[in-house]
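Observations on the model geometry
If you want the building blocks of each chain, they are given just below.
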Amino acid sequence: MGLLIKNAVIVNADKIWEKPQDILCIDGKISQIASGIAAGTHEVIDAAGKKVLPGLIDIHTHLRQPGREDKETIETGSRAAVKGGFTSIMCMPNTNPVIDNAMVVEFITREAQRVGLCNVYPIGAITKGQQDGELTDMAELKAAGCLAFSDDGKSVLNSRLFRLAMEYAKMLDVLIIEHCQDPLLTAGGVMNEGIVSTRIGLKGDPGIAETVTVARDIEIAHYLNARVHLAHMSLKRSCELIRFAKTQGIKVTAEACPHHFVLTDEVCSSFDTSTKVNPPLRSKEDVEAIKKAIADGTIDCIVTDHAPHTKEDKEVGFDGAPFGLIGLETSLGLTVTELVKPGIIDLPKMVDKMSRAPARIVGLANKGEIKQGHDADITIIDPDKEWTVTQEGFVSKSKNSPFIGRRLKAQVEYTICGGKVVYKA
Ligand code: DOR
Ligand code: ZN
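Described in the following lines is the structure provided in the data block.

What counts and how
Residues numbered from 1 in each chain as written. Chains lettered and ligands numbered in written order. Predicted model: local features only at pLDDT ≥ 70, side-chain atom pairs only at ≥ 80, totals over all residues. Heavy atoms only, no water. Donors = N, O, S within 2.8 Å, 3.2 Å for Na, K, Ca; no water. Tetrahedral: all angles 85-135°; square planar, octahedral: opposite > 155°, others 65-115°. Buried < 20%, exposed > 50% of the residue type's maximum accessible area, 1.4 Å probe, protein only. Helix = DSSP H or I, 4+ residues; strand = E, 2+ residues; numbered from the N terminus. Pairing = 2+ DSSP bridges. Salt bridge = Lys/Arg side-chain N within 4 Å of Asp/Glu carboxyl O.

1. Details of the coordination of the zinc ion (ligand 2)
- For the zinc ion (ligand 2), every protein donor is listed as His60 (NE2), His62 (NE2), Asp152 (OD) and Asp305 (OD), and the spread of their distances is 2.0 to 2.3 Å.
- Here the zinc ion (ligand 2) is ringed by four donor atoms whose angles at the metal span 85 to 169 degrees, and the overall shape comes out irregular.
- Read N to C, the donor residues that coordinate the zinc ion (ligand 2) are spaced as H-x1-H-x89-D-x152-D. With respect to class, His60 is no different from His62; both count as buried.

As structure tokens, then:
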């Protein structure tokens with residue numbers, strides 16, 4: 001017995017199938033796409049009136065296990081993911097212990113399988129303990145299942161080490177994801193350096209902390225003819241550098257988060273610590289530039305940078321609060337509301353940014369497209385259904401969202417992972 005999705009208007013990155021189809025999922029795979037497939041003994045979902053997308057893929061999530069299970073666990077993070085329409089997530093290594101050896105990778109992979117909601121792919125650290133001193137054993141980590149490496153939360157400041165990491169990654173055909181923020185320039189800044197930080201008296205983090213790292217990484221990628229993926233781009237100037245690098249054929253890809261294309265640093269004047277994030281929220285001009293860069297392909301994909309923090313940790317002064325906000329449950333809604341509905345991108349392009357491109361960038365074969373033979377990872381949405389973000393609505397263990405109270409379009413109706421319904425509205 002399989003799962004049969006009837007009357008599916010399929011939205012892939014390259015096109016919307018105008019004529020509704022039936023999709024049959026057997027043994028975790030999409031076994032047939034046709035009209036009028038007989039129901040037989042299959043479990044049936046009627047998708048009439050909805051849109052049927054390849055499962056969303058987030059290549060930038062923070063689960064806090066091991067180490068800070070009070071903020072998020074693999075189980076609660078998986079639940080938040082499937083509620084947000086994600087069937088695959090990649091978790092960053094800034095856990096405790098850090099994901100810098102095969103044992104931690106195995107622990108996370110096993111726990112994710114026990115939970116059994118979505119695919120969880122651990123990202124290995126570039127340097128041991130994320131200390132910027134010594135490279136991890138990337139070959140061992142790859143063998144354990146790491147497709148990508150990052151010291152996210154901070155940059156690899158040591159350029160020689162970063163160059164070596166890029167060389168090993170090229171040899172092993174894995175991805176380096178760089179958090180671009182030079183801490184010597186950030187120098188304790190807690191929000192974007194600009195008019196707002198000056199007005200409200202908070203220490204500013206200047207945009208050059210990001211752009212000098214973007215420029216360095218592009219140069220190293222060029223020199224080595226190696227790939228680099230730039231995490232959570234927040235600035236107009238970063239987009240300009242990436243756009244130029246792409247015209248030169250440099251193998252750079254980049255991601256942006258909804259909070260960087262929806263919010264400006266103006267919201268920090270509320271002193272709400274859920275607006276404190278790294279890289280910080282920027283100016284209106286930057287927000288507009290990120291949207292344009294998503295539309296024109298400079299930014300390849302949309303990620304959440306889901307960064308859960310407890311109420312206790314966030315309920316302190318702005319200066320003392322940890323950086324980060326949760327994003328798994330609001331990412332689709334924000335993208336549809338702020339990019340698709342205003343016509344900045346269409347639904348197929350959204351599917352590219354949130355499923356096909358992430359799959360391609362990290363090398364997840366058989367994902368990112370609804371296609372016969374592919375994994376049966378499918379998200380069914382109603383793009384017009386409105387809902388309100390509420391604190392109680394979050395299934396994530398943490399509630400640190402600056403979007404509470406917002407009306408959003410696009411409701412996830414079903415999330416299907418490996419042919420199994422893992423979430424139903
Ligand atoms: O705001 C952030 N929070 N940015 C990061 O890069 C790390 C993250 C976290 O782990 O909390
Ligand atoms: Zn991050």
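2. Comments concerning unusual backbone geometry
- Pro66 follows Gln65 through a cis peptide bond whose omega is 5 degrees.
- Along the polypeptide, Pro66 turns up in the loop between β6 (56–61) and α1 (74–83).
- Residue Pro97 is reached from Asn96 by a cis peptide bond, and omega for that bond is 0 degrees.
- With respect to the helices, strands and loops of the structure, Pro97 is situated in the loop between β7 (86–91) and α2 (102–115).
- Residue Asp173 is not a glycine yet carries a positive backbone phi of 55 degrees.
- Here Asp173 shows up in the loop between α4 (159–172) and β10 (175–178).

3. Notes on the pairing of strand β5 (residues 51–54)
- Relative to β5, strand β1 (residues 3–10) runs parallel, the two sharing two bridges. Residue pairing for β5: Ile10 is matched across the bridge by Val52.
- The pairing of β5 with strand β16 (residues 378–388) spans four bridges and is antiparallel. Looking across to β16, one finds that Lys51 is bridged to Ile381.

4. Some details on the pattern of salt bridges
- In this structure the tally under the stated criterion is 31 salt bridges.
- The partner of Arg163 in a salt bridge is Glu167, and the shortest N-O contact between them spans 3.3 Å. Here Arg163 pairs with Glu167, and both are found in helix α4, just four residues apart, close to one helical turn.
- When its relative accessible area of 29% is taken as the criterion, Glu167 is described as partly exposed.
- With a closest N to O distance of 2.7 Å, Lys367 and Asp377 form a salt bridge. One end of the pair, Lys367, is in the loop between α13 (347–362) and β16; the other, Asp377, is in the loop between α13 and β16, with ten residues separating them in the sequence. Of the two residues examined, Lys367 and Asp377, each falls in the buried class.

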